[in-house]
Amino acid sequence: MLATVAGRRIVALTLIAVLLLATVPVASAQEVRGGGAVTVPAGTVHDGDLALFGGSVLIEGTVDGDVEGLAGSITVVGTVTGDVEAAAGSVTIQGVVDGDVEAAAGSVTVAEGARIGGNLETGAETLTIDGTVDGTVEAGVQTLRVGDSAVIGGDLRYDGETIVIADGATVGGVAERVDRISVGLPGPFVGDVDFGGVFDALGAAFGLAVNVLLGVVLLVAAPRFARRVTTTGTTDAARSGVAGLAALVGIPVVLVVTALTIVGLPLAAVGLGLYLVVLWVGFAYGALVAGTALLGLADRESRWIALLVGLLVPTLAGFVSLGWLVGLAYLLLGLGAFTLSALAVRRGGDERTAVGEVGPRDPEVA
């Protein structure tokens with residue numbers, strides 16, 4: 001009976017999360033692909049926008065549209081006729097992007113011979129430019145290297161510690177240091193953040209509000225399961241992070257293997273949709289875990305305040321170009337704690353605590 005109730009709660013939670021996700025603007029013609037290694041093969045042309053998630057993303061062919069990517073590494077060797085928005089460990093442009101590039105990554109590289117037809121905006125540890133950027137470059141980085149073969153058609157605006165601009169580099173506009181340049185994760189995780197403008201601040205506020213709404217749904221729909229996830233994440237953060245990484249990379253691999261069969265293809269498509277929802281849920285749980293830990297330092301307990309505090313951290317981290325790093329840490333921590341807690345419930349362990357239908361009332365939920 002308890003397992004049935006738990007299943008109903010999880011299904012209800014998933015449906016609500018899907019409805020919330022639908023409120024985030026996305027392109028209607030966008031195709032979503034995921035897996036351990038996602039590739040647009042050389043010699044192929046994809047007509048329309050692409051959203052790519054996986055361990056690695058490689059675009060060797062042509063994408064006639066925009067590309068959004070979340071992966072360990074994202075490499076464009078071929079051509080993208082639209083814009084590229086990417087959050088990854090590394091983003092490398094070796095081919096041609098006709099539109100703008102927005103990237104939050106550990107390292108961003110525009111290789112020699114590569115071309116970006118629009119602007120380049122990035123928040124990264126290291127930005128290396130040896131190719132051509134026709135528009136303006138805005139970079140919130142630790143290290144900026146502009147090589148002899150680099151050509152920047154517009155201004156070069158940067159905020160960083162180590163700046164190396166070669167004598168042979170060409171900058172068509174003004175090269176200047178600017179405070180508070182930052183780029184956050186694309187999509188519902190954080191949202192693009194540059195607090196230097198009113199519209200960017202409003203965008204950040206909208207992203208924060210959507211994430212708070214999802215967090216409230218998680219706390220109301222399954223309060224004691226949320227407490228289990230929070231406990232797991234705060235008491236065993238390392239194990240949760242490892243489990244989160246395994247789930248982030250492993251689930252797409254399983255979906256790809258499933259899709260190799262004709263019977264499994266529809267299941268893989270449904271699974272991919274649920275996977276994207278779970279990523280968002282994992283981020284929200286990560287914020288709850290982080291907020292709870294921060295409140296614990298002040299000897300305070302309140303899941304509602306913890307949720308808000310946890311979600312404020314990546315937004316504020318955008319001031320120093322670290323929003324993407326905090327978001328990734330939240331995702332791994334929350335996804336791992338969620339996965340470990342769900343597996344514990346699946347095995348039948350302490351279902352009273354997980355479901356919350358039996359046992360003493362929680363005063364915070366009343």
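The paragraphs below set out a description of the structure included in this document. (Residues numbered from 1 in each chain as written. Predicted model: local features only at pLDDT ≥ 70, side-chain atom pairs only at ≥ 80, totals over all residues. Heavy atoms only, no water.)

**Re the nonpolar core**
Note on soluble globular proteins: their nonpolar side chains tend to be buried together. Selection criterion: What is meant by a nonpolar core is a set of buried Ala, Val, Leu, Ile, Met, Phe, Trp, Tyr and Cys residues, joined one to another through side-chain atoms within 4.5 Å. Exposed residues in this analysis have more than 50% of their type's maximum accessible area, buried residues have under 20%, and partly exposed residues fall in between, with area computed by a 1.4 Å probe over protein chains only. Only DSSP runs of H or I reaching four residues or more are called helices, and only runs of E reaching two or more are called strands; each is numbered from the N terminus. Note on contacts: a residue pair qualifies if any of its non-hydrogen atoms lie within 4.5 Å across the two residues.
With 40 residues, the main nonpolar core has I59, V80, V91, L120, L127, I129 and V137 as its most contacted residues. Elements with a contribution of two residues or more to this core: β1 (31-40), β3 (50-59), β5 (67-76), β7 (84-93), β9 (101-110), β11 (120-129), β13 (137-146) and β15 (156-159). If we ignore the near neighbours within four places in the chain, the residues touching L120 are V101, V110, L127, I129, V133, T136, V137 and E138. Formed by 28 residues, the second largest nonpolar core is a distinct cluster that contains V210, W280, A284 and L307.

**Considering the pairing of β7**
Two faces belong to every sheet, and in a regular strand the side chains alternate between them. Rules: Criterion used throughout: strands pair if DSSP finds at least two bridges between them.
Along β7, 7 of the 10 residues are buried, which leaves the element largely enclosed by surrounding structure. Across 9 bridges, β5 lies against β7 in parallel orientation. From the neighbouring strand, I74 faces β7, where its bridge partner is V91. Sheet topology places β7 next to β9; 9 bridges connect them, and they run parallel. Across the sheet, the residue bridging to I93 is V110, located in β9.

**Some remarks on helix α4 (residues 237-259)**
For clarity, the cut-off: In this analysis, the expected span of each helix is defined as 1.5 Å times one less than the number of residues it contains. Consider a residue and the seven residues that end there alongside the seven that start there; fitting an axis to each set, the bend is the angle between those axes.
Counted at 1.5 Å a residue, the expected span for α4 with its 23 residues is 33 Å, and the 33 Å between its end C-alpha atoms agrees. Along α4, the sharpest change in direction is near 25° and occurs at G250; proline P252 comes one to four residues later. Taken as a whole, α4 has its buried residues at S240, A243, G244, A247, L248, P252 and L255.

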